[in-house]
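Observations on the three-dimensional arrangement
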Amino acid sequence: MAPIECLRIEGRLRDARAVGPVADADLDFRLVPEGPVDAAALLARPHVSLYALDLAHGGVTFVETPGGTDLLAAPFLHQAQRTHAARVLRVPFATLHELADAAPGRDAPPLLLHSVGRCGSTLVSSMLRAVPGVASVSEPDVFTGVETAVAAGALPEDDAVAVLRSALRLATHGLAPAGARPAVKLRSEVVWIAHLVERAAPGAPVLFMYRDARRVIESYLRVLGREPGWSARLAHVPGLDAVVAGRHARRVASRGPRMQRFAYVLRGATPLEVEQRGRWGKFLIQWLAKVHHYEALRAARAEGGGVAALRYEDLVADPAGILRAVFDHWGLPGDALPAAVAAMRGDSQRGTAY
C-alpha cells in the first residue's frame, strides 16, 4: 500500500453544527501538510475514523480525533467528527479497498437504516446503542458524499458500489471494538442510491423509517426557517413574474441533474416545474421519491426478504411492541429491549441545530 497524506487541522471553515452541508475535508478545515503516513499502520491507529468522500484527490478522507472522545454517542457522527478532528488523512481509493479487505470483522453484515428524514431515525439509532455487540453509527457522511457524486455524474455507479462496500466494512473503524456489528443510520438522501448500497451489501437487513408527509415537511421547515423567500412572496406581482422565473431557471441550471431524479413522481414534470413548487412542494416530492426507492428495494428482493418499513407514529404509540418487531427483524437479542425503550425518554438530537 502506498503512503497516505497526513494533514494537521489549523482551523475550521464551517460551523460544526451547520445544517445540510455534506462533509468535505477541504471545505470543513484549514489544512497544513504534515507528511506521509504508512497506510498499513492506519488500521492500528485507535482514533482514526472514515470521514468523507474526496473526489478531488481520488479517494476518501479519514479524521483523527483525541482519545476519550466518544463519537458514537453523538447524534450525528459527521458533526462530531467536524467538531473534534485534529488531523485529516487522505486515502486513495485503491488503498481504501485494501484497508477494507484487511479490516477485522469485515464479513459481518451491517444493519442498515434508511429513512425519509425527520421521522425518528436518529432516535432508533440511539436506541441501538443499548444492544451489546452492536455499534450504532449515525450518519457517517461518506455515504452522503457518494450519493451526491453519483447524482452529479461525477462517480460511475460501479465505482460507487466499490466505495460503498469498503465504507461499510470500515464504518466502525476507530469508533468501536473490532468485531462489533455495525448498525448504520444513513442520511435520508442515501435512499436514492439504495440499489447501489444493496449491491455493496447484498442481503443486509434494511429498515426504512417514514412518517406522515405533512409532519416531515413541517419538521424540515422548522429546521430551515418558515419564512418564505422573496421570490415566493413576489411570485404573483404583475411584472415581476419574469424575474422570479429567471431566478428559478438559474437555480435549476446549477441543480438540474439532481432535481431531474424527482421529476418522475410528477409524471413528466421538468426540473423547472419542480423548482417552482417551493419548499412545501419540493419536500413532498422528495418524500415521495424516498418512499418509491424503498418500495423498489423491497420489490427487488425475493418476497421482500430482509427489508421492512417502520412508521414513526406506530413507534410512539407502542414503543416496546414495535421495537420488539424491529429487534426480531434485525436478529437482535430481546434482553436489550428495556434499555433501548428507555432511550425514548431523552432528546436524541439534543445539542444540535436540529
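The sections below set out a description of the structure shown in this document.

What counts, and where the lines are drawn
Residues numbered from 1 in each chain as written. Predicted model: local features only at pLDDT ≥ 70, side-chain atom pairs only at ≥ 80, totals over all residues. Heavy atoms only, no water. Helix = DSSP H or I, 4+ residues; strand = E, 2+ residues; numbered from the N terminus. Rg over C-alpha atoms; globule rule 2.2 N^0.38 Å. Buried < 20%, exposed > 50% of the residue type's maximum accessible area, 1.4 Å probe, protein only. Contact = heavy atoms within 4.5 Å. Lys, Arg positive; Asp, Glu negative; His and termini not counted. Charge placed at Lys NZ, Arg CZ, Asp CG, Glu CD. Axes fitted to C-alpha atoms, helices over the stretch in contact; angles between N-to-C directions. Parallel < 35°, antiparallel > 145°, perpendicular 65-115°, else oblique. Left-handed = near helix turned anticlockwise from the far one by under 90°. Nonpolar A, V, L, I, M, F, W, Y, C, P; charged D, E, K, R; others polar. Pairing = 2+ DSSP bridges. Salt bridge = Lys/Arg side-chain N within 4 Å of Asp/Glu carboxyl O.

**Side note on the overall build of the protein chain**
Of regular secondary structure, the protein chain possesses 15 helices and 10 strands. Computed over the C-alpha atoms, the radius of gyration of the protein chain is 21 Å, within 12% of the 20 Å expected from 2.2 N^0.38 for a compact globule of 354 residues. Principal axes of the C-alpha set define a box for the protein chain whose edges measure 65 × 50 × 40 Å. Here the protein chain, with 354 residues, has 48% of them falling under the buried criterion. Sequence-distant contacts in the protein chain: of pairs separated by 6 or more residues, those separated by 24 or more amount to 75%. With 41 positive and 36 negative side-chain charges, the protein chain shows a spacing of 6 Å between the two charge centroids.

**Some thoughts on the packing of helix α3 (residues 93–102) against helix α6 (residues 157–169)**
The N-to-C vectors of α3 and α6 enclose an angle of 45°; their axes lie 9 Å apart at closest approach. The angle between α3 and α6 places the two elements in the oblique class. Crossing of α3 over α6 shows left-handed handedness. In this structure, α3 contributes F93, L96, H97, A100 and D101 to the contact, and α6 contributes A162, V163, S166 and R169. Of the residues belonging to the contact of α3 with α6, the class tally is 5 nonpolar, 2 polar and 2 charged.

**Some thoughts on the sheet that holds strand β6 (residues 111–115)**
Taken in spatial order, the 5 strands line up as β7-β8-β6-β9-β10 in an open sheet, and their pairing is parallel. Two strands in the sheet have a free side with no partner beyond their single neighbour: β7 (134–138) and β10 (307–311). Between one strand axis and the next, the sheet turns by 20° as a mean value, whatever way the strands run. Of the strands in this sheet, β6, β9 (206–210) and β10 are in contact with helix α12 (residues 278–300), which crosses β10 at around 145°. Sheet strands touched by helix α14 (residues 319–330): β6, β8 (181–185), β9 and β10. Its angle to β9, the strand with the most contacts, is close to 150°.

**Digging into the environment of G321**
Position of G321 relative to the elements: it lies in helix α14. Sequence separation between G321 and Y210 is 111 residues; the distance between their C-alpha atoms is 17 Å.

**Section: unusual backbone geometry**
In the Ramachandran plot, R118 falls in the positive-phi region, its phi being about 55° despite a non-glycine side chain. By secondary structure assignment, the location of R118 is in the loop between β6 and α4 (121–127). The phi angle at E139 is positive, at roughly 65°, despite the residue not being glycine. For E139, a relative accessible area of 10% translates into the label buried.

**A word on the pattern of salt bridges**
Counted under the stated rule, the structure contains 19 salt bridges. When the shortest N-O distance is used, the salt bridge between R45 and E64 registers 3.0 Å. Here E64 lies in strand β4 (residues 59–64) and R45 lies in the loop between β2 (29–37) and β3 (48–54), a separation of 19 residues in the sequence. E64 gets classed as buried once you look at its relative accessible area, which sits at 15%. Two residues, R187 and D141, come together in a salt bridge whose shortest N-O distance is 2.9 Å. Of this pair, R187 sits in the loop between β8 and α7 (194–200) while D141 is found in the loop between β7 and α5 (142–151), placing the two residues 46 residues apart along the sequence. The exposure class of R187 is buried, given its relative accessible area of 6%. Overall, the relative accessible area of 0% leaves D141 in the buried class. Sharing partners across several salt bridges, the network here consists of R8, E10, E34, R45, E64 and R87.

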